[in-house]
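# Overview (structure and organization)
Here are the chains, one letter per residue:
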Amino acid sequence: MNRFRLDGRLAVVTGAARGIGAAIAEGLAGQGARVVLSDVNPDVAATAAALGAAAHPFDVTDSTAVDDAAAAIEATHGPVDILVANAGVVNESPTETHPDADWRRVMEVNLDGVFWCIRGFGRAMLARGRGSIIAISSIAGVKAVRPELHAGYDVSKAGVAHLARVVGVEWAGRGVRVNAVGPGYTDTDMLRKVGLTQPEVMARWLDDIPMRRLLAPREIADTVAFLASDAASGITGQLIMADAGYSAA
C-alpha cells in the first residue's frame, strides 16, 4: 500500500478559488482524494469544475455558516477525512496607522475562520476517531518579514501555527491529527505583480531566501498532501515550513 496516496478520502479546502488554495486542491486530487473546494470568491466554481471536483462556498468568518457547511458537505459527499484551512487575507499598513477595521478583518478570516473550521469539521472527525487537519500559516508567523508592514497578518498567522499545536496535542489521542504548514514566498499571481511593479521588493525577497527562488504552488501542495496522508501518521501539533530555507536563515 502506498501510504502517500489519498484514494477514497474526502478533502475540503477553504480559500480554494485560486493561488495556493487551488494548488492544494489539485494536489490532493492528484493523490486520489475527492475534493470539495470552498471560497467566497465566485471563481471557485470554475476552479472546481476544471478539477472535476465539487464546490461548496461558505464564509469562514461565520461560525454558523461553517457548521452548516460541515453538515451539508457530509450529507452530500460523505464523511470529511481531510480539512485544509487555507482561507486568508492580508492588509498592509504601518502599525501606527493600522486601521481597526483592517485588523479585525484579518483576524476574522485568518484566525477566527481557521478556528471555526477546525472546530466545525473536527467534531465529526472526533466522533469517527480519524481525520487530518492542516491549517495554513506563513513565514510571517515565525519571522518579521521585510519590507512588508502587516502586523495584523503576521500575528494572525502566528496564531494559526499555535492553534494547530495546541489542538493537535489536545486531539492526539482521539485519532485526529492537526498540523500547520508555513509557506514561504510563492509564485502566485499576486507575487508576480509585485515583481512587475516593485522589482526592488522582489529582489530583496530573493536575496533573503537561501534557495534564491520563489516556491512553486505545487511545493506547498505536496507538503499539505503529505501531512494529510498516512505517511505522516506520527505527526501532529507541528508547523512544517515549506519556505526554501527562509525561516532558518
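Residues numbered from 1 in each chain as written. Predicted model: local features only at pLDDT ≥ 70, side-chain atom pairs only at ≥ 80, totals over all residues. Heavy atoms only, no water.

### Digging into the nonpolar core
As a reminder of what qualifies: What makes a nonpolar core is a set of buried Ala, Val, Leu, Ile, Met, Phe, Trp, Tyr and Cys residues whose side-chain atoms join them at distances within 4.5 Å. Burial classes follow relative accessibility: with a 1.4 Å probe on protein chains only, a residue under 20% of its type's maximum area counts as buried, one over 50% as exposed, and anything between as partly exposed. In DSSP terms, a helix is any run of H or I states spanning at least four residues, a strand is any run of E spanning at least two, and both are numbered starting from the N terminus.
Counting 44 residues, the largest nonpolar core has Val 13, Ile 24, Leu 28, Val 84, Ile 134, Val 181 and Tyr 185 as its most contacted members. Looking at this core element by element, the count peaks at six residues for helix H8 (residues 217–228). Core analysis: the next-biggest nonpolar cluster, separate from the first, contains 30 residues, Val 36, Ile 118, Val 178 and Ala 180 among them.

### Considering the packing of aromatic side chains
Where we set the bar: Under the pairing criterion, centres of Phe, Tyr and Trp rings, with the six-membered ring standing for Trp, must be within 6.5 Å; the plane angle then separates stacked pairs below 30 degrees from edge-to-face pairs above 60, leaving the rest tilted.
Following the criterion strictly, the structure yields five aromatic pairs and no others. Between Tyr 185 and Trp 205 the ring centres are 4.4 Å apart and the planes differ by 20°, which places this aromatic pair in the stacked class. Taken together, the positions of Tyr 185 in the loop between strand E6 (176–183) and helix H6 (189–197) and Trp 205 in helix H7 (residues 199–208) put the pair 20 residues apart, joining distant regions of the chain. Take Tyr 185 and Trp 205: they sit in the same class, and that class is buried. Summarising the aromatic geometry, the rings of Tyr 185 and Tyr 246 are spaced 5.5 Å apart at their centres and angled 85° between planes, so their arrangement reads as edge-to-face. Placement of the pair is Tyr 185 in the loop between E6 and H6 and Tyr 246 in the segment after strand E7 (239–242), with a sequence separation of 61 residues.

### Section: the pairing of strand E1 (residues 10–13)
This is how the line gets drawn: Here, strands pair whenever DSSP counts at least two bridges between them.
Residue alternation in E1 divides its side chains into two sets, Leu 10 and Val 12 and Ala 11 and Val 13, and both sets are buried. Here E1 pairs with strand E4 (residues 82–85) via three bridges, running parallel. Looking at E4, one finds that Ala 11 is bridged to Ile 82.

### With respect to unusual backbone geometry
A cis amide bond links Arg 146 to the next residue, Pro 147, at an omega of 5°. Checked against the element boundaries, Pro 147 lands in the loop between strand E5 (131–136) and helix H5 (151–170). We note that Arg 212 has phi near 60°; this positive angle belongs to a residue other than glycine. Secondary-structure assignment places Arg 212 in the loop between H7 and H8. Here Ala 244, not a glycine, exhibits a phi torsion of approximately 55°, which is positive. Structurally, the position occupied by Ala 244 is in the segment after E7. For Ala 244, a relative accessible area of 7% puts it in the buried group.

### With respect to helix H1 (residues 19–30)
Worth spelling out the cut-off: Expected helix span is computed as 1.5 Å times (number of residues minus one).
The end-to-end C-alpha distance of H1 is 17 Å, a good match for the 16 Å that 12 residues give at a rise of 1.5 Å each. If you check which residues of H1 are buried, you get Ile 20, Gly 21, Ala 22, Ala 23, Ile 24, Ala 25, Gly 27 and Leu 28. Within two residues after H1, Gly 32 carries a phi angle of roughly 100°, on the positive side.

### Topic: the sheet that holds strand E2 (residues 34–37)
We count it as follows: We call two residues in contact when some of their heavy atoms are within 4.5 Å. Think of each axis as a best-fit line through the C-alpha atoms, taken over the contacting stretch in the case of a helix, with angles from 0 to 180 degrees between the N-to-C directions.
Reading across the sheet, the seven strands line up as E3-E2-E1-E4-E5-E6-E7 and stay open at both edges, with parallel pairing between neighbours. In this open sheet, the two strands that pair with only one neighbour each are strand E3 (54–55) and E7. As paired strands, E1 and E2 are joined by four bridges and run parallel to one another. Within E2, the residue paired with Ala 11 across the bridge is Val 35. Packing against the sheet, H1 makes contact with E1, E2, E4, E5 and E6, and its axis sits at approximately 175° to E1.

### Focus: the side chain of Ser 156
To be explicit about the condition: Identification of polar contacts relies on pairs of N or O atoms within 3.5 Å, with a donor-acceptor requirement for protein atoms, meaning one able to donate a hydrogen and the other able to accept it, and with residues adjacent in sequence counted only if both atoms are side-chain atoms.
Topologically, Ser 156 is positioned in helix H5. Polar side-chain contacts of Ser 156 include one of 2.7 Å to the backbone oxygen of Tyr 153. For Ser 156, the residues in contact, after removing those within four places along its chain, are Val 106, Met 107, Asn 110 and Leu 111.

### Description of the pairing of E5
Where we set the bar: Think of it like this: strands point away, you trace from the first strand over the helix to the second, and a clockwise trace means the crossover is right-handed.
Along E5, six of the six residues are buried, which leaves the element largely enclosed by surrounding structure. Residue alternation in E5 divides its side chains into two sets, Gly 131, Ile 133 and Ala 135 and Ser 132, Ile 134 and Ile 136, and both sets are buried. Sheet analysis places E5 next to E6, joined by six bridges and oriented parallel. Pairing of Gly 131 across the sheet is with Val 176, part of E6. For the crossover that starts at E5, traverses H5 and ends in the parallel E6, the hand is right-handed.

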